[in-house]
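If you want the building blocks of each chain, they are given just below.
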Amino acid sequence: MTVLIVEMTLLIVVMTLLIVVMTVLIVISTDRREWRNLIMGLKDWIKKKAAEVAEEDKERRMRLERDIIMALRQVYDPEIPVNVYDLGLIYEVKVDDDHNVYIQMTLTAPNCPMADYVVEQVRAAVADVPGVVSARVDLVWEPEWDKSRMSEEALVELGLDAE
């Protein structure tokens, strides 16, 4: 987020300088076509820079989401030798513009005695990912978990059919 703020601040400073230069050129120039071309060039440059910043932010977010999933794959259900991500316990991962992360997850059974432990392990793993500002985990029971949510790797690890 701070990189994006710095980039946007720099973009604003450069835009301001270009506007000052353009204003001077307009005052000096008597040819309206010349300053119109300058304005159009400035608008095109601003659009290009804004698109570059947006693309870089999108790439940063995608890397962060990938790193979050990698962290989730390090958290294992204490009763099953498969990580919570491949087990299909993670229903949703959202990263907002400020890099706060919201996770919606479930467990294999509502009466799991390790529920608090697993939820805290998920929250801590995600919060430790570089770039994450905060992590919130909500435990939900709808829709109910079933083995169809498991990855192929998890099914193979547990010796279950993929069908």
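Details of the structure are given in the entry above.
What this report covers is the structure whose coordinates are included nearby. What you see is a predicted model, and the numbers here were worked out from it, not measured in a lab. (Residues numbered from 1 in each chain as written. Predicted model: local features only at pLDDT ≥ 70, side-chain atom pairs only at ≥ 80, totals over all residues. Heavy atoms only, no water.)

1. Focus on the overall build of the protein chain
A count of helices and strands for the protein chain gives four helices and three strands. Beginning at the N terminus, the succession of helices and strands in the protein chain can be written as α-α-β-β-α-β-α. The C-alpha radius of gyration of the protein chain comes to 25 Å, more than 25% above the 15 Å expected for a compact globule of 163 residues. Once the C-alpha set of the protein chain is aligned to its principal axes, its extents read approximately 80 × 30 × 25 Å. (Helix = DSSP H or I, 4+ residues; strand = E, 2+ residues; numbered from the N terminus. Rg over C-alpha atoms; globule rule 2.2 N^0.38 Å.)

2. Topic: unusual backbone geometry
Cis peptide bonds are those with omega within 30 degrees of zero, and the linkage from Glu142 to Pro143 qualifies with -5°. Phi at His99 takes a positive value of approximately 70°, unusual for a residue other than glycine. Within the secondary structure, His99 sits in the loop between β1 (90-95) and β2 (100-105). By relative accessible area, which is 8% here, His99 ends up buried. (Buried < 20%, exposed > 50% of the residue type's maximum accessible area, 1.4 Å probe, protein only.)

3. A short note on the pattern of salt bridges
Evaluated as defined, the whole model comprises seven salt bridges. Residues Lys49 and Glu52 are paired through a salt bridge, measuring 3.2 Å at the closest nitrogen-oxygen approach. With Lys49 and Glu52 both in helix α2 (residues 32-72) and three residues apart, this pair spans about one turn of that helix. On the basis of relative accessibility, which here comes to 28%, the residue Lys49 falls in the partly exposed class. What makes Glu52 partly exposed here is its relative accessible area of 31%. (Salt bridge = Lys/Arg side-chain N within 4 Å of Asp/Glu carboxyl O.)

4. Quick notes on the environment of Arg63
Take Arg63: it is sitting in helix α2. Measuring from C-alpha to C-alpha, the distance between Arg63 and Glu34 comes to 44 Å, with 29 residues separating the pair along the chain.

5. Here's the deal with the sheet that holds β2
Taken together, the three strands give an open sheet; going across it, the order is β1-β2-β3, and neighbouring strands pair in mixed fashion. The strands lining the two open edges of the sheet, one partner per strand, are β1 and β3 (134-139). The sheet shows a mean angle of 15° between the axes of neighbouring strands, taken without regard to direction. Relative to β2, β1 runs antiparallel, the two being bridged by five bridges. In the strand pairing of β2, Glu92 is matched with Gln104. This element, helix α3 (residues 115-127), spans β1, β2 and β3 of the sheet and lies at about 155° to β3. (Pairing = 2+ DSSP bridges. Axes fitted to C-alpha atoms, helices over the stretch in contact; angles between N-to-C directions. Contact = heavy atoms within 4.5 Å.)

6. Digging into the side chain of Asp86
Mapped onto the elements of the fold, Asp86 is located in the loop between α2 and β1. The exposure class assigned to Asp86 is buried, which follows from its relative accessible area of 10%. In contact with Asp86, other than residues within four places in its own chain, are Arg73, Arg149, Met150, Ser151 and Ala154.

7. A short note on the nonpolar core
Judged by nonpolar contacts, the single largest core of 32 residues is most densely connected at Ile68, Ile103, Met105, Val122 and Val126. Looking at this core, the elements with two or more residues in it are α2, β1, β2, α3, β3 and α4 (152-158). In contact with Ile103, other than residues within four places in its own chain, are Leu72, Ile90, Glu92, Val93, Val122, Val126, Arg136, Val137 and Asp138. (Core = buried A, V, L, I, M, F, W, Y, C linked by side-chain atoms within 4.5 Å.)

8. Describing the pairing of β3
For β2 and β3, the ladder comprises six bridges, and the chain directions are parallel. Within β3, the residue paired with Ile103 across the bridge is Val137. Regarding topology, α3 serves as the crossover connection from β2 to the parallel β3, and that connection is right-handed. (Right-handed = clockwise from strand over helix to strand, strands pointing away.)

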